[in-house]
Amino acid sequence: MSHFNLEREIPFGWSHRRADGGGRLNNNFTHTLSIVTSVIGDEVMQIAGEVRDDLGRAPIVEGVHNFATRRDFIPRDLDDPSLEWGESDVEWSYTVMARLRSRFADAPVSVLFKHGGLVPRFREDHIVFYGSKGAIYLEGHYGSGALHLHDGKAWQQQPLPAEIAAMVPDVAGETEQCWHHLARAFVRDICGETVEPYPTFREGRQYQRIIDLIRESGNWTDAPALA
């Protein structure tokens, strides 16, 4: 579950344009899908989803070169008649359901991915894994926050295992930590070292095909015909 609480007035740019790789599926869902498949298993059996453009348009502002600092360029006067606007053609919210084959379960594992684009946000982002005897709850949209375990009786916060904590890059921001971790694994790999599996162009192609299917939203049934 994730919600970036992103201001609606952020300057128009590549993230608003499908042709340039914009949209929340390309820039959030792919990361969370990779997290889930690394834990559950990478065989995605079935997928269904719904997307929505909650934004509509954004102001066109000159001088934005760093995507991470685009908030600093939000116009002070959004009613300025000279302000130009760009039209969004991508999703800012999505709901995706998936079924994954896993060595941990006899039946396919059901996964729900949800990202909100409407503001303001009410609850914090999190990732939850449910097992037959307990559950694991990770705070943060990419799971970099506090770790909580449920033993079948109650939730208890736990320290991050030392071997995992040692692998977390010492940089601010969940997205930046992910970038550093992937770059570190890639460099070690091309240097001939043994590394854990990480997303490659193969997964990128697969995920893009999944995104295209979700954007079609072809799983709807017209309810009036059921009356």
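We now turn to the structure provided with this report.

Reading guide: rules and limits
All chains use their own residue numbering, which begins from 1 and follows the written sequence. Owing to the predicted nature of the model, reporting of local features is limited to residues with pLDDT of at least 70; listing and counting of side-chain atom pairs is limited to 80 or more, with chain, interface and lining totals taken over all residues. Excluded from the side-chain calculation are hydrogens and water; included are all heavy atoms of the structure. Secondary structure counts use DSSP, requiring at least four H or I residues in a row for a helix and at least two E residues in a row for a strand, with both numbered from the N terminus. Using a 1.4 Å probe on the protein chains alone, a residue whose accessible area is under 20% of its type maximum counts as buried, one over 50% counts as exposed, and one in between counts as partly exposed. Distance and chemistry together define a polar contact, namely a pair of N or O atoms within 3.5 Å, with one atom able to donate a hydrogen and the other to accept it when in protein, and with adjacent residues in sequence counting only for side-chain atoms on both sides. Contact definition: two residues touch when any of their heavy atoms are within 4.5 Å. Should DSSP find at least two bridges between two strands, the strands are taken to pair. What counts as an axis is a line fitted to C-alpha atoms, over the stretch in contact for a helix, and the angles between N-to-C directions run from 0 to 180 degrees. For salt bridges, the criterion is a side-chain nitrogen of Lys or Arg within 4 Å of an Asp or Glu carboxyl oxygen. One less than the residue count of a helix, multiplied by 1.5 Å, gives the span that helix is expected to have. Two axes enter the bend calculation: one fitted to the seven residues ending at the residue in question, the other to the seven starting there, and the bend is the angle between them.

### Let's talk about the side chain of Asp125
Inference 1: Turning to its location among the elements, Asp125 is positioned in the loop between β6 (109-116) and β7 (126-130).
Inference 2: Overall, the relative accessible area of 6% leaves Asp125 in the buried class.
Inference 3: At 3.2 Å, the side chain of Asp125 and the side chain of His141 are in polar contact.
Inference 4: With residues near it in sequence (within four places) discarded, Asp125 still touches Met1, Ser2, His3, Phe4, Leu138, Glu139, Gly140 and His141.

### A word on the sheet that holds strand β5 (residues 93-101)
Inference 1: In spatial order, the strands read β1-β6-β5-β2; together these 4 strands make up an open sheet with mixed pairing. Two strands bound the open sheet, and with one partner strand each, they are β1 (2-3) and β2 (43-52).
Inference 2: Across 9 bridges, β2 lies against β5 in antiparallel orientation. Each bridged residue has a counterpart across the sheet, and for Glu50 the counterpart in β5 is Thr95.
Inference 3: Sheet contacts for helix α1 (residues 24-40): β1, β2, β5 and β6; angle to β5, the most-contacted strand, approximately 25°.
Inference 4: Each of β2 and β5 touches helix α4 (residues 201-216); the most contacted strand, β2, lies at about 45° to it.

### Re the pattern of salt bridges
Inference 1: Under the criterion given, the structure shown has 9 salt bridges.
Inference 2: The residue Glu7 makes a salt bridge to Arg71 at a minimum N-O spacing of 2.7 Å. Taken together, the residues Glu7 in the loop between β1 and α1 and Arg71 in the loop between β3 (57-59) and β4 (85-87) connect sequence positions 64 residues apart.
Inference 3: Overall, the relative accessible area of 37% leaves Arg71 in the partly exposed class.
Inference 4: Residue Arg52 pairs with Asp54 through a salt bridge whose shortest N-O separation is 2.6 Å.

### A look at α1
Inference 1: Between its terminal C-alpha atoms α1 stretches 23 Å, which fits the 24 Å expected from 17 residues at 1.5 Å a residue.
Inference 2: Maximum bend of α1: about 25°, positioned at Thr30.
Inference 3: By the criterion of burial, α1 is predominantly enclosed, with 13 of the 17 residues buried.
Inference 4: Backbone geometry just downstream of α1 places Gly41 in the positive-phi region, at approximately 145°.

### Comments concerning the sheet that holds β7
Inference 1: Spatial ordering of the open sheet is given by β7-β8-β9-β10, a layout of 4 strands whose pairing is antiparallel. With one partner strand each, in any of the chains shown, β7 and β10 (155-158) form the two edges of the open sheet. Adjacent strand axes in the sheet meet at a mean angle of 20°, parallel and antiparallel pairs treated alike.
Inference 2: Direction of pairing for strand β9 (residues 147-150) relative to β10: antiparallel, over a ladder of 4 bridges. Within β10, the position partnered with His150 by the bridge is Trp155.

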